[in-house]
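Structure at a glance
Listed below are the residues making up each chain.
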Amino acid sequence: MSPSKLDSTDSFGHEEASVSCSKPENGCVDSLSIFHSEKAVEELLQQTPVAGMDEHLIEFSEALRTVAKALRRAAEGKASAQAEAAEWKWRYELERTRNIQMEQKGNNNCEMLRHWWIRSSLDNAMDMLRIMLPCLFFWEVGKEQNKRIAEARMAEQFSAEKNGDLDCERVKNSDNQSMLQNESNEHSETGCMKHGIWSHEVLRDRESDSNSNADRNKIMRKASFKLSWWCNGENGDQHKHDIVSFERGNITTAERSSKQISLKWESDPQTVLILTKPNSVSVRILCVQMVRWLRERKKLNVYVEPRVKVELLAESSNFSYVQTWKDDSEISHLHMKVDLVITLGGDGTVLWAASMFKGPVPPIVPFSLDSEHFKDCLDSVLRGPISITLRHRLLCRVVRDAAKNEYETEEPFLVLNEVTIDRGISSYLTNLECYCDNSFVTCVQGDGLILSTTSGSTAYSLAAGGSMVHPQVPGILFTPICPHSLSFRPLILPEHVTVRIMVPFNSRSPAWASFDGKDRKLLAAGDALLCSMAPWPVPTACQVDSTNDFLRSIHDGLHWNLRKTQSFDGPRDRDL
Ligand SMILES: NC(=O)c1ccc[n+]([C@@H]2O[C@H](COP(=O)([O-])OP(=O)(O)OC[C@H]3O[C@@H](n4cnc5c(N)ncnc54)[C@H](O)[C@@H]3O)[C@@H](O)[C@H]2O)c1
Ligand SMILES: Nc1ncnc2c1ncn2[C@@H]1O[C@H](COP(=O)(O)OP(=O)(O)OP(=O)(O)O)[C@@H](O)[C@H]1O
């Protein structure tokens with residue numbers, strides 16, 4: 001019953017009049033009035049027994065409503081106090097971590113490397129260091145130079161303003177100067193970081209040094225290539241940095257976000273890794289044809305998974321030249337040997353391929369099964385240049401409640417699609433506290449949350465109501481799964497943030513994290529998942545270019561906005 005209905009019942013006058021006449025104005029109760037009162041009550045009871053009860057019910061329900069309101073306010077207060085407390089706890093932890101970091105300054109990089117890289121072999125870490133150190137050096141030098149240029153420019157502007165004449169030409173000249181200096185910085189980064197993107201080093205196969213086998217004794221060289229940004233449909237050989245101009249307070253940018261990237265081989269690719277979807281006859285047939293062609297016509301080294309090598313040998317003993325690995329630990333060296341990865345299967349096979357590379361990923365050429373023209377296609381890929389999409393991955397780390405700081409994590413996961421934190425087999429709502437950098441975002445109460453890349457935006461996130469995003473838009477999608485709330489819309493966060501998802505201590509059940517739909521990890525109360533953009537994207541070869549491929553995949557793969565075309569006949573505007 002609505003309050004307005006209760007009010008209208010109240011306004012019925014008859015009963016009120018008969019009750020009020022039983023009370024004389026002076027307050028004395030005589031026998032006549034008692035008689036009248038009794039009579040009135042009798043009449044009241046006989047005539048409208050429910051109306052009297054209604055009054056009490058109304059009073060009672062109003063009292064209940066007041067109590068309910070008070071309870072709700074108390075619950076809301078408690079929830080916001082909990083959120084505030086959680087935020088303070090997080091800040092406190094962050095501060096504590098910073099202090100520990102300050103104390104252990106110098107040890108952290110080693111700590112990180114210990115967790116991430118020196119797992120498989122010292123060799124691997126040395127290779128990484130060899131690549132990283134000069135870049136860090138140039139990065140620091142570049143930063144310092146830019147800072148000095150900016151300071152000089154500010155001082156110049158300040159003195160010009162003070163003199164009352166802002167000399168635009170001079171500012172422009174200093175802009176040009178800084179650009180020139182930036183360019184010369186770039187050119188000085190020989191062999192390491194050209195145009196802001198890594199070019200592959202030519203690497204020696206270390207195994208061949210120790211192996212006496214004649215075949216393996218030869219030096220395997222990785223093909224080197226250069227990446228450049230296409231400019232207005234033309235292949236501009238240089239990537240121009242975005243220029244932000246602050247002249248006269250107007251901010252203008254000459255160029256925005258990433259353009260179509262082109263890969264040009266600087267030396268011929270020599271080694272190809274083929275990964276195939278298991279248990280598919282058509283894939284197996286295509287694999288046999290492709291391996292033969294790559295070896296016999298293109299004279300390439302071919303690697304396959306151990307399972308596939310067994311299948312190939314069952315087909316013919318001629319396939320003994322095909323290489324594989326015995327031990328999974330050898331997979332961590334693959335990126336140093338392989339120039340190109342070919343996947344035979346669907347999206348899941350590309351995810352599988354990406355998951356094999358815990359660091360840098362060689363260019364991937366995905367082949368669906370209807371690829372009759374694989375020879376033409378591979379010919380043009382091997383010749384180059386090819387358009388590629390750099391698909392960003394997320395780096396996910398589980399930090400246990402018992403961990404001393406957030407660098408003390410289990411083995412991190414790299415995901416190409418998404419990390420999902422859900423309720424697993426629990427029938428309770430998941431309760432997840434979400435932070436973006438240091439800011440509290442929200443509490444997810446529902447089936448869970450998806451943190452997706454833009455490549456993954458067309459997968460699980462899409463099914464949960466997230467937007468589809470072009471894979472070259474850098475960002476992290478924050479998509480709830482069945483939130484029990486009317487107002488929880490999905491978000492897209494910028495790519496530079498770290499998202500922290502924590503299972504609160506008062507959660508009724510643990511949560512489960514899964515990575516590209518695999519590797520489930522239990523998150524108990526107090527545990528957290530940290531997620532940020534990984535430094536190693538997955539370069540995938542385009543059939544046409546990033547935009548064309550993206551639009552075709554959502555049209556053909558997902559039937560996006562498929563609707564019967566409206567017929568020509570029928571009413572028109574001019575008839576109105
Ligand atoms: N409700 C859902 O839509 C749902 C549920 C669970 C997992 N998934 C997705 O499945 C992925 C794992 O794929 P799998 O092949 O190993 O499992 P799978 O064999 O169960 O296939 C899942 C399907 O998702 C498609 N898919 C995967 N990545 C895609 C992408 N980026 N864009 C468009 N479609 C994509 C695949 O083509 C396949 O048809 C997970 O990363 C997750 O995104 C989706
Ligand atoms: N080389 C591999 N080894 C083990 N598992 C693999 C391999 N390649 C693919 N898979 C797994 O096989 C499953 C299916 O792969 P994929 O998505 O390629 O096939 P699909 O579902 O038939 O393709 P589509 O994307 O057209 O639906 C995925 O879960 C994937 O992880």
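Residues numbered from 1 in each chain as written. Chains lettered and ligands numbered in written order. Predicted model: local features only at pLDDT ≥ 70, side-chain atom pairs only at ≥ 80, totals over all residues. Heavy atoms only, no water.

What counts is decided by this rule: UniProt positions are given in the numbering used here, feature names are shortened, and annotations may be inferred rather than shown by experiment.
In the annotation of an unreviewed UniProt entry, the protein is listed under the name NAD(H) kinase 1 isoform X4 and assigned to Gossypium hirsutum. Reading the Sequence similarities (unreviewed entry) entry of the UniProt record for the protein gives the comment "Belongs to the NAD kinase family."

1. With respect to the site of ligand 2
Our working rule: Only heavy atoms are used to decide nearness, and a residue is near a molecule or strand if one of them lies within 4 Å of it. The term polar contact refers here to a pair of N or O atoms within 3.5 Å; inside protein, the definition further demands a hydrogen-donor-capable atom paired with an acceptor-capable atom, and it admits residues adjacent in sequence only when both atoms are side-chain atoms. Throughout this entry, Asp, Glu, Lys and Arg are counted as charged residues, while Ala, Val, Leu, Ile, Met, Phe, Trp, Tyr, Cys and Pro are counted as nonpolar. The remaining residues, Gly among them, count as polar.
Lining the immediate surroundings of ligand 2 are Thr276, Lys277, Pro278, Glu305, Arg307, Gly345, Gly346, Asp347, Gly348, Thr349, Trp352 and Lys518. Between ligand 2 and Gly348, the relevant distance is 2.8 Å, taken from an oxygen atom to a main-chain nitrogen or oxygen of the residue. The class makeup of the residues in the shell around ligand 2 is two nonpolar, five polar and five charged.

2. As for unusual backbone geometry
Quick note on the threshold: Comment: elements are numbered from the N terminus, with helices defined as DSSP H or I runs of at least four residues and strands as E runs of at least two.
A cis amide bond links Gly384 to the next residue, Pro385, at an omega of -10°. Relative to the elements of secondary structure, Pro385 occurs in the loop between α13 (374-383) and β12 (386-391). One non-glycine residue with positive phi stands out, namely Asp437, at about 50°. Turning to its location among the elements, Asp437 is positioned in the loop between β16 (430-436) and β17 (439-452). Backbone geometry at Asn561 places phi at a positive 50°, although glycine is not the residue there. Counting through the fold element by element, Asn561 comes out in the segment after α15 (546-557).

3. Re the site of ligand 1
Where we set the bar: Working definition of accessibility: Shrake-Rupley area with a 1.4 Å probe, residue cover restricted to the visible protein chains. All domain edges in this entry derive from an automatic or database-based domain assignment.
The environment of ligand 1 is formed by 13 residues, the closest being Asp347, Asn417, Glu418, Thr458 and Ala459. In the model, an oxygen atom of ligand 1 is placed 2.9 Å from a nitrogen or oxygen of the Asp347 side chain. Within the complex, 53% of the 770 Å² of free accessible area of ligand 1 lies under protein. Contributions of two or more residues to the shell around ligand 1 are made by α12 (347-355) and α14 (460-463). The element contributing the most residues to the shell around ligand 1 is α12, with three residues. Its residues placed into classes, the shell around ligand 1 shows four nonpolar, five polar and four charged. When residues of the shell around ligand 1 are assigned to domains, at least three fall in each of domain 3 (212-238 + 258-392 + 537-546) and domain 4 (394-535).

4. Comments concerning the packing of aromatic side chains
Filter applied, for reference: Each aromatic pair joins two rings of Phe, Tyr and Trp (for Trp, the six-membered one) with centres within 6.5 Å, and gets the label stacked for planes under 30 degrees apart, edge-to-face for over 60, and tilted for any other angle. Remark: exposure states derive from per-residue accessible area (1.4 Å probe, protein chains only) relative to the maximum for the residue type, with buried under 20%, exposed over 50%, and partly exposed in between. In this analysis the charged atom, NZ for Lys or CZ for Arg, is taken to sit over a ring once it is within 6 Å of the ring centre and within 35 degrees of the ring normal.
One pass over the full model with this rule turns up six aromatic pairs. Between Phe319 and Tyr321 the ring centres are 6.1 Å apart and the planes differ by 55°, which places this aromatic pair in the tilted class. Of the residues examined, Tyr321 reaches a relative accessible area of 22% and is grouped as partly exposed. Taking NZ or CZ as reference, Arg572 lies 4.1 Å from the ring centre of Phe568, over its face.

5. A few points about the pairing of strand β15 (residues 418-422)
Filter applied, for reference: By the convention used here, strands pair only if DSSP detects at least 2 bridges between them.
Most of β15 is tucked away: five of the five residues are buried. Residues Glu418, Thr420 and Asp422 of β15 are buried on one face, and the alternating residues Val419 and Ile421, pointing to the opposite face, are buried as well. Where β15 lies against β17, five bridges are found, and the strand directions are antiparallel. Residue pairing across strands places Asp422 opposite Gly448, the latter belonging to β17. Across four bridges, β15 lies against strand β21 (residues 511-515) in antiparallel orientation. By the bridge assignment, Val419 is partnered in β21 with Phe515.

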